[in-house]
Amino acid sequence: MASVKNDAKIAIVVNDLRFLHSHRSEIVSASLEAGADVAIFAPDDPQSPGFLEAKHWFENQGAVLFHFSAKRYGINPISELLGFLSLFVLLFKFRPTVLHAITIKAILSAGLAARFLSVSKRLFAVSGLGYLFTEQNLRTKLLRCCVWPIYKLLASGDGVTFIFQNPDDRDRVQMFLSWSTSRMKKQSVILTGSGVDLDRFAPHEKNRDVSSGVRFVCAARLIKSKGISEYIQVATLVTAQAKKRDAPLPTFALAGSIDETNQSAITRTELETLLQHQSVELFDFQTDMATFLRQFDVAVLLSHGEGLPKALLEAYASGLAVVTTDVPGCRELINFAPESTVLVPVSDAEAAAQAVAELALNCERVKQMQSMARLAAVQHFDVQKVVNQHLILYGCQ
């Protein structure tokens, strides 16, 4: 804790405390070290894997935790109203000078409350747009029409800054708010995701011999929008091809937990059906991802859309090559790590399988991609850069 007191009172609002712990913990600790008062507002979810660990970590750092009544997902009007009122009362008691709302749903409730409370700095972090912006069915279109005036209200006035992770999300929000290009440029920043701790995430000291079989991994929440079913299809196709060619067999791992509260969650029954061919080894939620990633050669994420996927930033830092989809948030990685990244079409398991099979058969290319991955992470994804940018936005530097 800093010896010099900072006047900033920072309220960080999230739908999932575990997400804040895995993606923004360095920002919280740096803000506390700068002398700011930091309060974290999140729903209470002690049954979820990793929640209590995250809670204890923040408390040990010196942050104050407030739990408001809300569900991480869903749009029940009564539940949302009760959640908003609960959050409003807590924010009124804390009286923040800075609001940092993370994810689209948190922005809606916390941003509106902060607007009524005249919070001087309101930071809205868009780490991927989610179904509200990406789905085009009638129900979602009606929902967008309903929340549009609310977003217009919470984004009005001085002190609003949007934090994006890719230009596609910025452009879609600009269009949604009917803002001019000059206004969006003035009131937004694009950061390189959440960054990655380069000390924790590092390549294995001894390079593994990939000639015995390339090891692929997908580390993600087990939800449909992460392309989990496509990844399992890819594993099945590539393994079958390798057996026909009598080539070294690649291995495929999937690490993540089932999130039954998410509307696009893969159920346990669906997962068991997908894994029935046993081409993929399933791992539970990993608390030590840095050690886990060192076992593999290539990270695969066939997502349908992201902010800037932290799982892949961690993969680069760990010296892994990357295969991912040509969608917002993932396609930007080719600009940062062109020699270490392969882009494939979204929702196309056959095209992805072809790209993965080429890597499985070309060990020298995998080694070359791996050698450049760490360099890209050091140049572009250092978490300290992201932390410093946030401290400036908070007014702590």
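Along each chain, the written sequence defines residue order, and numbers are assigned to residues from 1. Note on the predicted model: pLDDT of at least 70 is required for a residue's local features to be given, and 80 or more for side-chain atom pairs to be given and counted; whole-chain, interface and lining totals, by contrast, use all residues. Hydrogens and water molecules were not included; the side-chain quantities draw on all heavy atoms of the structure.

Definition used in this section: a nonpolar core is a set of buried Ala, Val, Leu, Ile, Met, Phe, Trp, Tyr and Cys residues joined via side-chain atoms within 4.5 Å. Only protein chains enter the area calculation, which uses a 1.4 Å probe; residues under 20% of their type maximum are buried, those over 50% are exposed, and those in between are partly exposed. Core analysis: the biggest nonpolar cluster contains 66 residues, and Phe216, Tyr231, Leu254 and Val298 have the highest contact counts within it. Broken down by element, the residue count for this core peaks at 8 residues, all from helix H14 (residues 349–361). By the convention used here, residues are in contact when the closest approach between their heavy atoms is within 4.5 Å. When sequence neighbours within four positions are dropped, the list of residues in contact with Leu254 reads Cys218, Leu222, Ile228, Tyr231, Ile232, Leu271, Val280, Glu281, Leu282 and Phe283. Every helix listed is a DSSP run of H or I at least four residues long, and every strand listed is a run of E at least two residues long, numbered separately from the N terminus.

Turning to the sheet that holds strand E2 (residues 37–41), a few remarks are in order. When DSSP finds two or more bridges between a pair of strands, those strands are recorded as paired. Taken in spatial order, the 7 strands line up as E3-E2-E1-E4-E5-E6-E7 in an open sheet, and their pairing is parallel. Where the open sheet ends on each side, the last strands, each with one partner, are strand E3 (64–66) and strand E7 (188–190). Within the sheet, the average angular offset between the axes of one strand and its neighbour, ignoring direction, is 20°. Bridge count for strand E4 (residues 98–102) against strand E5 (residues 121–126) is 5 bridges, and the pairing is parallel. Its bridge partner lying in E5, Leu99 is registered against Arg122. Lines fitted to the C-alpha atoms define the axes, with helices restricted to the stretch that makes contact. Angles between their N-to-C directions range from 0 to 180 degrees. Packed on one face of the sheet, helix H1 (residues 17–33) meets strand E1 (9–13), E2, E3, E4 and E5 and runs near 170° to E2.

We call Phe, Tyr and Trp rings a pair once their centres come within 6.5 Å, taking the six-membered ring for Trp, and we label the pair stacked below 30 degrees between planes, edge-to-face above 60, and tilted otherwise. Taken as a whole and assessed by the stated rule, the structure comprises 15 aromatic pairs. Taken together, a centroid distance of 5.7 Å and an interplanar angle of 10° make the contact between Phe162 and Phe164 stacked. Summarising the burial analysis for this pair, Phe162 and Phe164 share the class buried. Aromatic side chains Tyr231 and Phe252 sit 6.1 Å apart centroid to centroid with 70° between the ring planes, which places their arrangement in the edge-to-face category.

Attention now goes to the packing of H1 against helix H16 (residues 383–394). In contact at an axis separation of 9 Å, H1 and H16 are set at 50° when each is read in the N-to-C sense. Viewed along their axes, H1 and H16 adopt a mutual orientation that is oblique. Relative to H16, the crossing made by H1 is right-handed. Along its contact with H1, which presents Glu26, Ile27, Ala30 and Ser31, the element H16 presents Val383, Val386, Val387, His390, Leu391 and Tyr394. Each residue gets one of three labels, nonpolar for Ala, Val, Leu, Ile, Met, Phe, Trp, Tyr, Cys and Pro, charged for Asp, Glu, Lys and Arg, and polar for the others, Gly among them. The residue makeup of the contact of H1 with H16, split by class, is 7 nonpolar, 2 polar and 1 charged. Relative orientations are named as follows: roughly parallel for angles under 35 degrees, roughly antiparallel for angles over 145 degrees, roughly perpendicular for angles from 65 to 115 degrees, and oblique for any other angle. What makes a crossing left-handed is the near helix being turned counterclockwise from the far one by less than a right angle; a clockwise turn instead makes it right-handed.

Assignment of secondary structure puts Gln187 in the loop between helix H8 (181–186) and E7. By relative accessible area, Gln187 is classed as buried at 13%. Throughout this description, a polar contact denotes any pair of N or O atoms lying within 3.5 Å of each other; where both atoms belong to protein, one of them has to be capable of donating a hydrogen while the other can accept it, and for residues adjacent in sequence the pair is counted only when both atoms sit in side chains. Here the side chain of Gln187 touches Val160 through a polar contact of 3.0 Å, landing on its backbone oxygen. Apart from the residues within four sequence positions on either side, Gln187 is in contact with Gly157, Val160, Thr161, Phe162 and Trp179.

We now examine the environment of Asp197. Along the chain, the position of Asp197 falls in the loop between E7 and strand E8 (215–219). Looking at Asp197, the relative accessible area reads 21%, which means it is partly exposed. Sequence separation between Asp197 and Met175 is 22 residues; the distance between their C-alpha atoms is 34 Å. Once you skip the residues sitting within four places of it in the chain, Asp197 turns out to touch Glu26 and Val383.

Residues Phe51, Ala54 and Phe58 constitute the buried set of helix H2 (residues 51–61). Along the axis of H2, the buried residues cluster in a sector spanning 65°; they form a single face. On its buried face, H2 sits against H1, E2 and E3. Gly62, located one to two residues past H2, shows a positive phi value of around 110°. Here the arc refers to the set of directions running from the helix axis out to each C-beta atom.

Each helix should span, by expectation, one fewer than its residue count multiplied by 1.5 Å. The terminal C-alpha atoms of helix H6 (residues 138–154), which comprises 17 residues, lie 25 Å apart, in line with the 24 Å expected from a rise of 1.5 Å per residue. Note on bend: at a given residue it equals the angle between the axes fitted to the 7 residues ending there and to the 7 starting there. The sharpest bend along H6 measures roughly 35° and falls at Val147, with the proline Pro149 sitting one to four residues further on. Within H6, the full set of buried residues consists of Thr140, Leu143, Arg144, Val147, Tyr151 and Leu154.

A few words now on the sheet that holds E8. If you trace the 6 strands from one edge of the open sheet to the other, you get E10-E9-E8-E11-E12-E13, paired in parallel fashion. Sheet topology places strand E10 (281–283) and strand E13 (341–344) at the edges, where each strand pairs with a single neighbour. Sheet twist, expressed as the mean angle between neighbouring strand axes with direction ignored, is 25°. Of the strand pairs in this sheet, strand E12 (residues 321–325) and E13 are connected by 4 bridges, and their pairing is parallel. If you follow Thr324 over to E13, its bridge partner there is Leu343. Against the sheet, helix H9 (residues 228–245) contacts E8, strand E9 (251–255) and strand E11 (298–301), and its axis sits at roughly 165° relative to E9. Here helix H12 (residues 310–317) sits on the sheet in contact with E8, E11, E12 and E13, set at roughly 160° to E12.

All right, on to the pairing of E4 then. When you tally the buried positions in E4, you get 5 out of 5 residues, the bulk of the element. Judged by which residues are buried, E4 turns out to be covered on both faces: Val98, His100 and Ile102 on one side and Leu99 and Ala101 on the other are all buried. Examined bridge by bridge, E1 and E4 share 4 bridges and lie parallel to one another. Paired with Ile10 across the bridge in E4 is Val98. Whether a crossover is right-handed comes down to one check: with the strands pointing away from the viewer, does the path from the first strand over the helix to the second run clockwise; if it does, it is right-handed. Between the parallel pair E4 and E5, the chain is carried across by helix H4 (residues 104–116), and the sense of this crossover is right-handed.

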